[in-house]
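Residues per chain are reported as follows:
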Amino acid sequence: MSPSSTPAARYERFRSEVFTGLVQEPGLLGGWSEPMPELQLQSLWFAGEFGMEFTTVDGERVLVRDFGVWNSGPGPDFLNCAALINGTVVQGPIELDPDVRDWERHGHGANSDYGNVILHLYIHGPAESRAYTRTLEHREVPQVQLRPEMLADGFIKRERMAEARLGRCATPLASMGEAAVQSLIEASAQYRLQRKSKRLHQCVQVQGREQAVYQVLAQALGYRSNQRPFTVLAQRLPVRRLLAEEPPAREALLFGVSGFLDNTPYDTAQAGTKEYLRQLWEYWWKQRSEFVRWQEPAQGLPWKIAGARPGNHPERRLGALAGLLQNWSKIFKPLKHADAWDRQRWCEVMASLHHEYWDKHYTLSAAPSNKPVSMIGESRVNEILANVVYPLLFQERPAVWQEYRELPALLDNQKVRRAALRLFGESPLARVFQRKLHHQQGLLQIYEDFCLEDDSACLECPFPERLAQWQ
Ligand code: SF4
């Protein structure tokens, strides 16, 4: 099938009319209408979400060749970076500030640690005047302004919900027949998978396949509330660095850099936990001075603990990440090349992960459970397949679409329920299209493309009229 005749391409053409000529405000895009935390901006930059090619404020072409490493000590944000600026290769650190004037406000211009900075990235600048970036030696540092429209397609997630009521499209959908509705929802699902795939491959290009896979696996372990802290942790402690350590030292780094170790009292810990903490501290106390910058409140990881179910507590998910690293070669090998993929074997490896401590503990402060709890349950493996594995493989091996279509919908999703209600109301189709994961994804895509773009209570939404073209 040629790329232009796939269901995804057909859906893309179907939706394009809605967006053609639409001027999208940054606020509408979820961009800078609200200040984005610096940590999140740094994480997006490091994951390649803004891309690799830029133009400086002075019109010079920039190609970032190496995004370097996240600095854990004093000085600029990222070290050992490399970029091609106007045809010349330059190597050195990169600094990212929310405001271009932060360079002077924070004293970087008078600090020799910033003397070799090759690129100053910023979000906001003064409207009326130009703020230059200069080093202690009065060298002008090239500046790049990061804008919301640079973000990879699919990054924007709108948090608002459309009203819970039957939509105007329910009548034409009901008269279309189940087969035509199914083809529409499958096409929108494939379009969504394609966008996820493109975004993940952008990260592969920037960070390399192994690190990109590790990063998105860590992100998936963050569930809904802790995806960003898990991503930043995986960016700060890259997989190759962790694999160079023995398991106890590796876990000490994970729990130390996450901040959980410093926040867990030793004296009041349960006996089994005391032993585990002692083992972690044996390594962490020797290493923690290297990471002091990340222990500052502004640099600490913003964990969301309140309301988390015990099984989803980030400490337990971090234990799962440690278990995953202990079996890394078995996890990554089938993902290294699309041809190596074997779903059954990979799922068996995921189901067999275990960890001496985390098999029986939900958190570092909870009493042990009576029986072992699986490290990564069936529904999480299902989500990882949907959000990591198939987006990774789809671009290289489109036939995995058939496997993707088989995934059951194991998790309840409020947005999906809302979308089904608006499109189908009480019709049996509302249930039919919530049983498979890809149908849920298709509903979500239509909901985001049309319902969340509509502010006329369906009256001006083009979706109902356009459905005639899908028949
Ligand atoms: S906004 Fe459009 S797609 Fe959404 S329910 Fe209304 S008519 Fe249907």
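Calculation criteria
Residues numbered from 1 in each chain as written. Predicted model: local features only at pLDDT ≥ 70, side-chain atom pairs only at ≥ 80, totals over all residues. Heavy atoms only, no water. Helix = DSSP H or I, 4+ residues; strand = E, 2+ residues; numbered from the N terminus. Rg over C-alpha atoms; globule rule 2.2 N^0.38 Å. Buried < 20%, exposed > 50% of the residue type's maximum accessible area, 1.4 Å probe, protein only. Lys, Arg positive; Asp, Glu negative; His and termini not counted. Charge placed at Lys NZ, Arg CZ, Asp CG, Glu CD. Core = buried A, V, L, I, M, F, W, Y, C linked by side-chain atoms within 4.5 Å. Domains from an automatic or database assignment. Contact = heavy atoms within 4.5 Å. Near = heavy atom within 4 Å. Expected span 1.5 Å × (residues − 1). Axes fitted to C-alpha atoms, helices over the stretch in contact; angles between N-to-C directions. Parallel < 35°, antiparallel > 145°, perpendicular 65-115°, else oblique. Nonpolar A, V, L, I, M, F, W, Y, C, P; charged D, E, K, R; others polar. Buried area = accessible area lost by both parts, 1.4 Å probe. Salt bridge = Lys/Arg side-chain N within 4 Å of Asp/Glu carboxyl O. Polar contact = N/O pair within 3.5 Å; in protein donor to acceptor, adjacent residues only side chain to side chain. Phe/Tyr/Trp six-rings, centres within 6.5 Å; stacked < 30°, edge-to-face > 60°. Lys NZ or Arg CZ within 6 Å of the ring centre and 35° of its normal.

Looking at the overall build of the protein
Scanning the protein from terminus to terminus reveals 19 helices and seven strands. Taken against the 2.2 N^0.38 rule, which gives 23 Å for 471 residues, the C-alpha radius of gyration of the protein at 24 Å falls within 12% of a compact globule. If one aligns the C-alpha atoms of the protein with their principal axes, the spans along those axes are about 70 × 65 × 40 Å. Here the protein holds 471 residues, and 52% of them are scored as buried. Side chains of the protein give 55 positive and 56 negative charges; the mean places of these two sets differ by 6 Å.

Quick notes on the nonpolar core
Judged by nonpolar contacts, the single largest core of 101 residues is most densely connected at W45, L146, L254, W328, W346 and I376. The element contributing the most residues to this core is helix α14 (residues 378-394), with ten residues. When residues of this core are assigned to domains, at least three map to each of domain 1 (1-33 + 161-471) and domain 2 (38-150). Look past the residues within four positions of W346 in its chain and what remains in contact with it is K330, I331, P334, L335, W341, V381, I384, L385 and V389.

Considering the site of the ligand
In the vicinity of the ligand, the contacting residues are G167, R168, C169, R422, F450, C451, D454, C458, C461, F463 and P464. Elements with a contribution of two residues or more to the shell around the ligand: α18 (437-451) and α19 (463-466).

Digging into α18
The first and last C-alpha atoms of α18 sit 20 Å apart over 15 residues, in line with the 21 Å expected at 1.5 Å per residue. Across the 15 residues of α18, 15 count as buried, placing the element largely inside the fold.

So, the packing of helix α5 (residues 178-207) against α14
Interhelical geometry of α5 versus α14 gives an angle of 80° and a closest axis separation of 8 Å. As far as their axial angle goes, α14 and α5 are roughly perpendicular. Touching Q190, L193, Q194, K196, S197, L200, H201 and V204 of α5 are A386, N387, V388, Y390, P391, L392 and F394, all from α14. When the residues that make up the contact of α5 with α14 are grouped by side-chain class, the tally is nine nonpolar, five polar and one charged.

Side note on unusual backbone geometry
With a phi angle near 50°, N86 is a residue other than glycine that sits in the positive phi range. With respect to the secondary-structure elements, N86 resides in the loop between β4 (78-85) and β5 (88-99). Positive phi, close to 65°, is recorded for H138, a residue that is not glycine. Here H138 shows up in the loop between β6 (119-124) and β7 (143-145).

Comments concerning the domain arrangement of the protein
Under the domain assignment used here, the protein contains domain 1 (1-33 + 161-471) and domain 2 (38-150). Distance from the C-alpha centre of domain 1 to the C-alpha centre of domain 2: 30 Å. Facing the 24 residues of domain 1 at the interface are 27 residues of domain 2. Approximately 2000 Å² of surface area, both sides summed, lies buried where domain 1 meets domain 2, with 57% of it carried by carbon and sulfur atoms. Notably, a salt bridge pairs E49 with R199, separated by 2.8 Å at the nearest N-O pair. Listed by contribution, the elements that provide at least two residues to the side of domain 1 that touches domain 2 are α5 and α7 (227-236).

A closer look at the pattern of salt bridges
Close approach of charged atoms lets side chains of opposite charge pair. As enumerated under the stated definition, the model contains 21 salt bridges in all. A salt bridge links R105 to D102, with the nearest nitrogen and oxygen atoms 3.0 Å apart. With R105 and D102 both in helix α3 (residues 102-105) and three residues apart, the pair spans about one turn of that helix. When its relative accessible area of 52% is taken as the criterion, R105 is described as exposed.

Quick look at the side chain of H120
With respect to the helices and strands, the residue H120 is situated in strand β6. For H120, the side chain forms a polar contact with the side chain of D97, separated by 2.9 Å. There is a polar contact of 2.7 Å between the side chain of H120 and the side chain of T133. Other than its neighbours up to four places away in sequence, H120 contacts E95, D97, V100, W103, T133, V141, P142, Q143 and V144.

Brief notes about the packing of aromatic side chains
Applying the stated criterion across every chain yields a total of 29 aromatic pairs. With centroids separated by 5.7 Å and ring planes inclined at 70°, the aromatic side chains of F46 and W70 adopt a geometry described as edge-to-face. In this pair, F46 is assigned in helix α2 (residues 38-46) and W70 in strand β3 (residues 69-70), connecting sequence segments 24 residues apart. Taken together through their ring pairs, the aromatic side chains of Y11, F14, Y191, F450, F463 and W470 make up a single cluster. Taking NZ or CZ as reference, K274 lies 5.7 Å from the ring centre of Y266, over its face.

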